[in-house]
Amino acid sequence: RSSDLTGAAAMLSLRATSHSKLIRVLGSLVPRQKHTLPDLPYDYGALHPHISAEIMQLHHSKHHAAYVNNLNVAEEKYAEALAKGDITSQVALQPALKFNGGGHVNHSIFWTNLSPNGGGEPDGEIGRA
């Protein structure tokens, strides 16, 4: 019975080692580009008087840029952890990847939802309310 457990442990160890090597190889085959701060489709001052140019510049060039920069840092650290087979670090980096990746994607969508040519009165049921 002891030899069965030893054999099973050895097989699991071999599988884990093979799996770790495969992940390292596959991870290195996928070159990643750094995320970049998207250009706004309008000037910072285009939404004035509703949103000031100063607020738009701060929100875009500082706040959104922080998500982009932190996402790039987290992805670099994750790639290093992946190459080393450091699962503890990979798991520890997941919250930073989700938070900064989500912030970057949400802000990228947010900028396209704003428009200096938008507005007007609502129609339909909302307009009649």
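Parameters and conventions
Residues numbered from 1 in each chain as written. Predicted model: local features only at pLDDT ≥ 70, side-chain atom pairs only at ≥ 80, totals over all residues. Heavy atoms only, no water. Salt bridge = Lys/Arg side-chain N within 4 Å of Asp/Glu carboxyl O. Helix = DSSP H or I, 4+ residues; strand = E, 2+ residues; numbered from the N terminus. Buried < 20%, exposed > 50% of the residue type's maximum accessible area, 1.4 Å probe, protein only. pLDDT = per-residue confidence, 0-100. Core = buried A, V, L, I, M, F, W, Y, C linked by side-chain atoms within 4.5 Å. Contact = heavy atoms within 4.5 Å. Axes fitted to C-alpha atoms, helices over the stretch in contact; angles between N-to-C directions. Parallel < 35°, antiparallel > 145°, perpendicular 65-115°, else oblique. Left-handed = near helix turned anticlockwise from the far one by under 90°. Nonpolar A, V, L, I, M, F, W, Y, C, P; charged D, E, K, R; others polar.

**A look at the pattern of salt bridges**
- Tallying each qualifying case throughout the model produces one salt bridge.
- One salt bridge in this structure joins lysine 34 and glutamate 76, with 2.6 Å as the shortest N-O distance. On the criterion of sequence distance, the pair formed by lysine 34 in the loop between helix H1 (2–29) and helix H2 (53–84) and glutamate 76 in helix H2 is long-range, its members being 42 residues apart.
- Given a relative accessible area of 56%, lysine 34 falls into the exposed group.
- For glutamate 76, a relative accessible area of 38% puts it in the partly exposed group.

**Considering the confidence of the model for the protein chain**
- Across the protein chain, the average pLDDT comes to 84, with 76% of residues at or above 70.
- Confidence, expressed as mean pLDDT per element, reaches its minimum in the protein chain at H1 with 52 and its maximum at H2 with 97.

**Considerations on the nonpolar core**
- Grouped together as the largest cluster of nonpolar side chains are six residues: Leu40, Tyr42, Leu47, Met56, Trp111 and Leu114.
- Beyond its immediate chain neighbours, meaning those up to four positions away, tyrosine 42 contacts Leu47, Met56, Trp111, Leu114 and Pro116.

**Some thoughts on the packing of H2 against helix H3 (residues 87–113)**
- Interhelical geometry of H2 versus H3 gives an angle of 150° and a closest axis separation of 8 Å. With respect to H3, the axis of H2 lies roughly antiparallel. Crossing of H2 over H3 shows left-handed handedness.
- Here the contact of H2 with H3 is built from residues that sort into 15 nonpolar, 13 polar and two charged.

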